[in-house]
Amino acid sequence: MALVRASRPRQIRLAKDLTRFIKRGHCWLYSHAIEAINAPAGSVALIVDRRDEKPVAAGIYDASHPIPLRVCRTQPPYELDDQWCAQRLENCVSLRSSTFDEQTSGYRLVAGEGDGLPGLIVDVYADVAVLKLDGGAPTSFYEPSGLAR
């Protein structure tokens, strides 16, 4: 069962000096902040510094969206694979299960960028989970059939 669609990372250079901001948690990069590339929506991007081309972060890319690059990971390894996604989802479940008891029947299980899963929202209502994917990159990157169990 796949959680994310695997793809070869595409290198994207920062057009501005934003490395420090990204490392501090800024998770959206607008088109003026990066050098655009020709890649399909949902492509994994390796974000590199504009000066020395060292890796800064990994994210998901969609050139046609107002926020073309969403940062997912700011520490090595810069891989966005099933293991990374499963760990992020497990963190969400652990955090929410320590916050809510069995009496709580509605809550947000995954809060997108806040949980390190950009563009992915999962709301739970009793025994039903509702998945929302925000934009072309998340829609093409996350594998909804793998997330729905």
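Rules used in this analysis
Residues numbered from 1 in each chain as written. Predicted model: local features only at pLDDT ≥ 70, side-chain atom pairs only at ≥ 80, totals over all residues. Heavy atoms only, no water. Helix = DSSP H or I, 4+ residues; strand = E, 2+ residues; numbered from the N terminus. Buried < 20%, exposed > 50% of the residue type's maximum accessible area, 1.4 Å probe, protein only. Pairing = 2+ DSSP bridges. Salt bridge = Lys/Arg side-chain N within 4 Å of Asp/Glu carboxyl O. Expected span 1.5 Å × (residues − 1). Arc of directions from axis to C-beta. Lys, Arg positive; Asp, Glu negative; His and termini not counted. Contact = heavy atoms within 4.5 Å.

Engineer: Can you tell me about unusual backbone geometry, naming the residues and giving the values?
Structural biologist: Residue Pro76 is joined to Pro77 through a cis peptide bond whose omega torsion reads -5°. Along the chain, the position of Pro77 falls in the loop between β5 (69-73) and α2 (82-99). Of note in this structure, Glu53 is not a glycine but carries a positive phi near 60°. With respect to the secondary-structure elements, Glu53 resides in the loop between β3 (43-48) and β4 (55-61). With a relative accessible area of 36%, Glu53 lands in the partly exposed category. Of note in the backbone geometry, Ala126 takes a positive phi value of approximately 55° without being a glycine. Secondary-structure assignment places Ala126 in the loop between β7 (120-125) and β8 (128-133). What makes Ala126 exposed here is its relative accessible area of 56%.

Engineer: Which residues make up the pairing of β8, and what values do they have?
Structural biologist: Two strands pair when backbone bridges link them, and β7 and β8 are joined in this way by six bridges, in the antiparallel orientation. By the bridge assignment for β8, Asp123 is matched with Val130.

Engineer: How would you summarise the pattern of salt bridges if you had to cite specific residues and measurements?
Structural biologist: Working definition: two side chains of opposite charge can pair if their charged atoms are close together. Tallied over the full model, the rule gives seven salt bridges. Two residues, Arg13 and Glu35, come together in a salt bridge whose shortest N-O distance is 3.5 Å. Of the two residues, Arg13 is situated in strand β1 (residues 10-13) and Glu35 in the loop between β2 (28-29) and β3; the sequence distance between them amounts to 22 residues. Take Arg13: its relative accessible area is 27%, and that puts it in the partly exposed class. For Glu35, a relative accessible area of 37% gives the class partly exposed. Notably, a salt bridge pairs Arg51 with Asp17, separated by 3.6 Å at the nearest N-O pair. Here Asp17 lies in the loop between β1 and α1 (19-23) and Arg51 lies in the loop between β3 and β4, a separation of 34 residues in the sequence. Of the residues examined, Asp17 reaches a relative accessible area of 40% and is grouped as partly exposed. By sharing partners, the salt bridges in this structure join Arg13, Glu35 and Glu53 into a single network.

Engineer: Pulling in residues and values, what's your account of α2?
Structural biologist: The terminal C-alpha atoms of α2 lie 26 Å apart, and with 18 residues this matches the ideal 26 Å at 1.5 Å per residue to within 8%. Restricting attention to buried positions, one finds in α2 the residues Trp84, Cys85, Leu89, Cys92 and Arg96. The arc that holds the buried residues of α2, viewed along the axis, is 130°, so those residues lie on one side. Counted as exposed and oriented over 90 degrees from the buried face of α2: Gln83, Ser97 and Ser98.

Engineer: Explain the side chain of Asp49 to me, and be specific about the residues and the numbers.
Structural biologist: Structurally, the position occupied by Asp49 is in the loop between β3 and β4. No salt bridge is formed by the buried Asp49, whose closest oppositely charged neighbour, Arg51, lies at an N-O distance of 5.4 Å. Those residues in contact with Asp49 that lie beyond four places of it in its chain are Leu14, Asp17, Thr19, Lys54 and Val56.

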